[in-house]
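# Fold and geometry: a report
One letter stands for each residue in the lines below.
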Amino acid sequence: MSDNQNDNIDPTSPRKAPKPEPKKIKGRELKPSTLMMGHGYDPTLSEGSLKPPIFLTSTFAFPSAADGKRHFEGITGKRPGGADGLVYSRFNAPNQEILEDRLAIWDGAEDALSFSSGMTAICVLMLAYASQGDVIVHSGPLYAASEGFIAKVLAKFGVQYVDFAAGATREEIDAVLEKAKTMASDAGGKVCMLYLESPGNPTNALVDIEAVRDARDAALDWSCPIAIDNTFLGPLWQRPLDHGADIVVYSLTKYVGGHSDLVAGSIAGAKKWMDPVRALRNTMGGICDPNTAWMLLRSLETVELRMQRAGENAIKVCKFLAGHEKVEGLGYLGMIKDARQQDIYERHCLGAGSTFSVFIKGGEAECFRFLDNLKIAKLAVSLGGTETLASHPASMTHLSVAEGRRTELGISDNLVRISIGIEDADDLIADFAQALETV
Ligand SMILES: *Cc1c(COP(=O)(O)O)cnc(C)c1O
């Protein structure tokens, strides 16, 4: 919800939502895991219901015509910072506002916006910032649909792109930014966004966010946001806003939702970066629905517990896999071989997470045998759920990526991607052991 205070607001008029609870007790900053149980929701406004009700309504009754006018001034941007009252469920609604308040806490952001999917968040974000002739600079690899949206959909509207490999050094990023500036000025546009994904899917290659920030500050004298898809490590193991990113992007479908039972997305950052995106979401729709928002509030209460347990399981499973004769190698952030990647990891990451790749000795046939023989781990795409999932990116999630580009990105035929859940670690190891025996 907006913190906009206006002295003209009638204190007796029902507010759309309570003021957020204090985030401190006697100077002590409360931790996100504490705030997830109550922040942004006041039971006294809902018959004392401990949990927020699900508000199934398309529209909200205004206390007075003057309130309606003031709320629309917020919606239309005549007053900055969004509406300070509930208006219509394409713009805002209680469950979504509580969710957005709580999501912002995890990333230390001023504001957050929820969406009906991760891809809706990404598409609305990019559309809000890109104009004809502009250039988006992005890291590679990206989630295939993100890459497709930039290269195929935005291209239809005259938006160009140029990319750099995830591990690129400051000098390499500088060179790409110079190229992007030339492309933009030739087309009468600007570099409108630096869009990162780190770690990249499925190889886990990390982007040096600090180097991207320094390169942006040196090369561009206009305000060009750095956005980053933090789905794989966030919100627990990487806090990109602390390292120079302006906007954090999530597929909430993954770790945040965490139970493989919903699809949603979000972005978070300073209000000035959120405002154009909020305006476009108001126009296009794409806000998360109230039922999903409620489910996500449930999920946020345990996100820290789940990610910690899955992370501990992943360490044990990877130790086992790393020593196995049928395993050629691992793409796991807890066992990085490359010095440059390790340096980025130490500066940016608070943990290795629980999604990684295993390179099985052999090729597609060996990977398929391994996948078909798993008994606990499920054969499915997606990640970040309570249950362990395994998939074969080259023939599934990344099938649409041209073969040459796949090779360039290290998405080989012998790569299996695994997302570790919160089962018993030794049971998982027993499962991987018996499946590897069949290879
Ligand atoms: C799943 C995913 C997305 C897309 O999210 P949806 O919720 O499926 O739309 C974007 N980025 C990454 C890294 C993902 O894993």
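Residues numbered from 1 in each chain as written. Predicted model: local features only at pLDDT ≥ 70, side-chain atom pairs only at ≥ 80, totals over all residues. Heavy atoms only, no water.

Attention now moves to the overall build of the protein. When its secondary structure is counted, the protein shows 14 helices and 14 strands. The dimensions of the protein, computed from C-alpha atoms along their principal axes, are 70 × 55 × 40 Å. Evaluated residue by residue, the protein yields a buried proportion of 56% over its 439 residues. Counting contacts in the protein only where the partners sit at least 6 residues apart, residues at least 24 apart contribute 73% of the total. Counting only carbon and sulfur atoms, one obtains 54% of the accessible surface of the protein, whose full area is about 18,100 Å². (Helix = DSSP H or I, 4+ residues; strand = E, 2+ residues; numbered from the N terminus. Buried < 20%, exposed > 50% of the residue type's maximum accessible area, 1.4 Å probe, protein only. Contact = heavy atoms within 4.5 Å. Areas by Shrake-Rupley, 256 points an atom, 1.4 Å probe, with all protein chains shown as cover.)

Before going further, it helps to spend a moment on the side chain of Asn-204. Along the polypeptide, Asn-204 turns up in the loop between strand S6 (191-197) and helix H7 (209-219). Take Asn-204: its relative accessible area is 5%, and that puts it in the buried class. A distance of 3.0 Å separates a polar atom in the side chain of Asn-204 from the backbone oxygen of Gly-331. Excluding residues that lie within four positions of it along the chain, Asn-204 makes contacts with Pro-199, Phe-232, Gly-331, Tyr-332, Leu-333, Gln-341, Thr-355 and Phe-356. (Polar contact = N/O pair within 3.5 Å; in protein donor to acceptor, adjacent residues only side chain to side chain.)

Now for the sheet that holds strand S7 (residues 226-229). Across the sheet, seven strands lie side by side as S3-S9-S8-S7-S6-S4-S5; this open sheet has mixed pairing. Each of the sheet's edge strands pairs with one partner strand only, and the pair in question is strand S3 (111-115) and strand S5 (160-165). Across this sheet, the average inter-strand angle for adjacent strands is 20°, counted without regard to direction. As paired strands, S7 and strand S8 (residues 247-251) are joined by three bridges and run parallel to one another. Residue pairing in the sheet places Asp-229 in a bridge with Val-249 of S8. Helix-sheet contacts for helix H4 (residues 118-129) involve S3, strand S4 (135-140), S6, S7, S8 and strand S9 (265-269), and the interaxial angle to S6 is about 155°. (Pairing = 2+ DSSP bridges. Axes fitted to C-alpha atoms, helices over the stretch in contact; angles between N-to-C directions.)

Of the residues in the protein, 95% have a pLDDT of 70 or more, and the chain-wide mean is 93. Segment residues 1-16: pLDDT under 50, and 31 contacts once partners within four positions in sequence are set aside and those in other chains are kept. (pLDDT = per-residue confidence, 0-100.)

Among the 15 residues in the neighbourhood of the ligand, the closest are listed as Met-119, Asp-229, Ser-251, Thr-253 and Lys-254. Interatomic distance of 2.9 Å between a backbone N/O atom of Gly-118 and an oxygen atom of the ligand. In the complex, 93% of the free accessible area of the ligand, which totals 380 Å², lies under the protein chains. By residue number, the principal contributor to the shell around the ligand is H4, which donates three residues. Considering only residue class, the shell around the ligand consists of seven nonpolar, five polar and three charged. (Near = heavy atom within 4 Å. Nonpolar A, V, L, I, M, F, W, Y, C, P; charged D, E, K, R; others polar.)

A word on the pattern of salt bridges. Where charged atoms of side chains with opposite charge meet at close range, the side chains can pair. Within the structure shown, the criterion is met by 23 salt bridges. Notably, a salt bridge pairs Asp-208 with Arg-347, separated by 2.8 Å at the nearest N-O pair. With a gap of 139 residues between them, Asp-208 in the loop between S6 and H7 and Arg-347 in helix H11 (residues 339-348) connect regions that are remote in the sequence. For Asp-208, a relative accessible area of 4% corresponds to the buried category. Residue Arg-347 is classed as partly exposed on the basis of its relative accessible area, which comes to 29%. Two residues, Asp-343 and Arg-347, come together in a salt bridge whose shortest N-O distance is 3.0 Å. You can see Asp-343 and its partner Arg-347 sitting in helix H11, four residues apart, about one turn around the helix. (Salt bridge = Lys/Arg side-chain N within 4 Å of Asp/Glu carboxyl O.)

Counting residues in each nonpolar core, the largest one holds 64 residues, and the members touching the most others are Leu-321, Phe-356, Phe-370, Ile-418 and Phe-432. The residues contacting Phe-370, other than those within four sequence positions of it, are Ile-360, Val-416, Ile-418, Phe-432, Ala-435, Leu-436 and Val-439. (Core = buried A, V, L, I, M, F, W, Y, C linked by side-chain atoms within 4.5 Å.)

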